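Read off the chains here:
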Amino acid sequence: MKTALVLEGGALRTIYSSGVCDAFLDGGLPLPDYTLGVSAGIAYGVSYLSRQSRRNLQLICRYANDKRYMGFRNLANPQNRSYFGLRFAYETIPNELLPFDYDAFDAYPGRAEAVVTNVISGKAEYLPVPRREAPNLVLEATCAIPLMFPVIEINGRPYLDGGCADAIPWRRALDQGFDRVVVVLTRERDYRKKPGQSDRLLTRAFRTYPGFQETMRSRSERYNACREELFALERQGKVLVIAPEDTLGCSRTERNLDTIRALWQEGYFDGRREIERVRAFWTEE
């Protein structure tokens, strides 16, 4: 069987899936053959693949209220132009303050991919996550929330947050031949996405990119349909889904450490509860 783990994004709300992954590590669950994530799903997910349990929880608890990590001052800085401090988040933290284990990540024998959205076409692309690159432009691009990040260029192509085009990329895992797909969501099962208040701003900001504009206009409808199809496959036993019962109102830029810790703990408990079911799903003939 070819095993896969798909991780939804959600910026700091993704601390839920970090809790799930930390439970998998603590429980000795083997790493999957393929890990695919969107935005913070894969940006946090690489710490799972490097087997650094609780690293993401430490990172967010230390730096969620640090202006170098996130805040409007970073967005106003012409050298940064992002709500998140790009150099601080993608270089200083992993290389100096809370070291990322590049050797362990490099030793991961499976495939690790991040979803990005091509701004010209508006379509999703699936890029391999570099094992030792710093700064990691692929991770920057997959996390690049429109209007909160600059467009990230990779090999001359402009990219933004992968969640714009493919927020829950379980189809990609199946299309690649992985038949034991576990999906970790960061929204409750009854959640329905509604058109955002920023849609009008996005229409103006990206008026020269009609493909991307159309992607953003249809995002809510596509997201809801994607979840419905995913849950239908779950009922058929073809995928396994783990989702939070309550995200506790945690926002993408959450600063309340009690909320962050509680949501991580919810994910950890869910991961511990589901670990034997996941183990059986990944190993059954």
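Cut-offs used in this document
- Residues numbered from 1 in each chain as written.
- Predicted model: local features only at pLDDT ≥ 70, side-chain atom pairs only at ≥ 80, totals over all residues.
- Heavy atoms only, no water.
- Salt bridge = Lys/Arg side-chain N within 4 Å of Asp/Glu carboxyl O.
- Helix = DSSP H or I, 4+ residues; strand = E, 2+ residues; numbered from the N terminus.
- Buried < 20%, exposed > 50% of the residue type's maximum accessible area, 1.4 Å probe, protein only.
- Pairing = 2+ DSSP bridges.
- Disulfide = S-S within 2.5 Å.
- Axes fitted to C-alpha atoms, helices over the stretch in contact; angles between N-to-C directions.
- Parallel < 35°, antiparallel > 145°, perpendicular 65-115°, else oblique.
- Left-handed = near helix turned anticlockwise from the far one by under 90°.
- Contact = heavy atoms within 4.5 Å.
- Nonpolar A, V, L, I, M, F, W, Y, C, P; charged D, E, K, R; others polar.

Student: Can you walk me through the pattern of salt bridges in this structure?
Tutor: Opposite charge on two side chains lets them pair, provided their charged atoms get close. Taken as a whole and judged by the stated rule, the model has 15 salt bridges. When the shortest N-O distance is used, the salt bridge between Glu 276 and Arg 279 registers 3.2 Å. In this pair, Glu 276 and Arg 279 are both assigned in helix H12 (residues 257-283), three residues apart and thus about one turn of the helix distant. The exposure class assigned to Glu 276 is partly exposed, which follows from its relative accessible area of 48%. We classify Arg 279 as partly exposed; its relative accessible area is 24%. One salt-bridge network, in which partners are shared between bridges, spans Asp 103, Asp 106 and Arg 132.

Student: Help me out: how do you make sense of the pairing of strand S6 (residues 157-161) in this one?
Tutor: Residues in a regular strand point their side chains to alternate faces of the sheet. Counting buried residues in S6 gives four out of five residues, a clear majority hidden from the surface. Direction of pairing for strand S3 (residues 111-118) relative to S6: antiparallel, over a ladder of three bridges. Looking at the pairing, Val 116 lines up with Asp 161 of S6. Taken together, strand S5 (residues 152-154) and the strand that follows it, S6, pair antiparallel across an intervening segment of two residues, in which Asn 155 is found at a positive phi of about 55°.

Student: What is the right way to look at the state of the cysteines in this model?
Tutor: Here is the idea: a disulfide is a covalent bond, and it sits between the sulfur atoms of two cysteines. Following the criterion strictly, the structure yields zero disulfides and no others. With no disulfide of its own, Cys 21 lies 15 Å from the sulfur of Cys 143, the closest cysteine sulfur. This cysteine, Cys 164, is not joined by any disulfide, and Cys 143 carries the nearest cysteine sulfur, 12 Å off. We classify Cys 164 as buried; its relative accessible area is 1%.

Student: Looking at this model, I keep getting lost on the packing of helix H1 (residues 15-26) against H12. Mind explaining?
Tutor: Between two packed helices, what matters for the description is the angle formed by their axes and the separation of those axes. Their axes nearest at 6 Å, the elements H1 and H12 cross at an angle of 45°. As judged from the angle between their axes, H1 and H12 are oblique. Both H1 and H12 take part in a crossing whose hand is right-handed. Counting all contacts with H1, which are made through Ile 15, Tyr 16, Ser 18, Gly 19, Val 20, Asp 22, Ala 23, Phe 24 and Asp 26, the residues of H12 involved are Ile 260, Leu 263, Trp 264, Glu 266, Gly 267, Tyr 268, Asp 270, Gly 271, Arg 272, Ile 275 and Val 278. In the contact of H1 with H12, the residues fall into eleven nonpolar, four polar and five charged.

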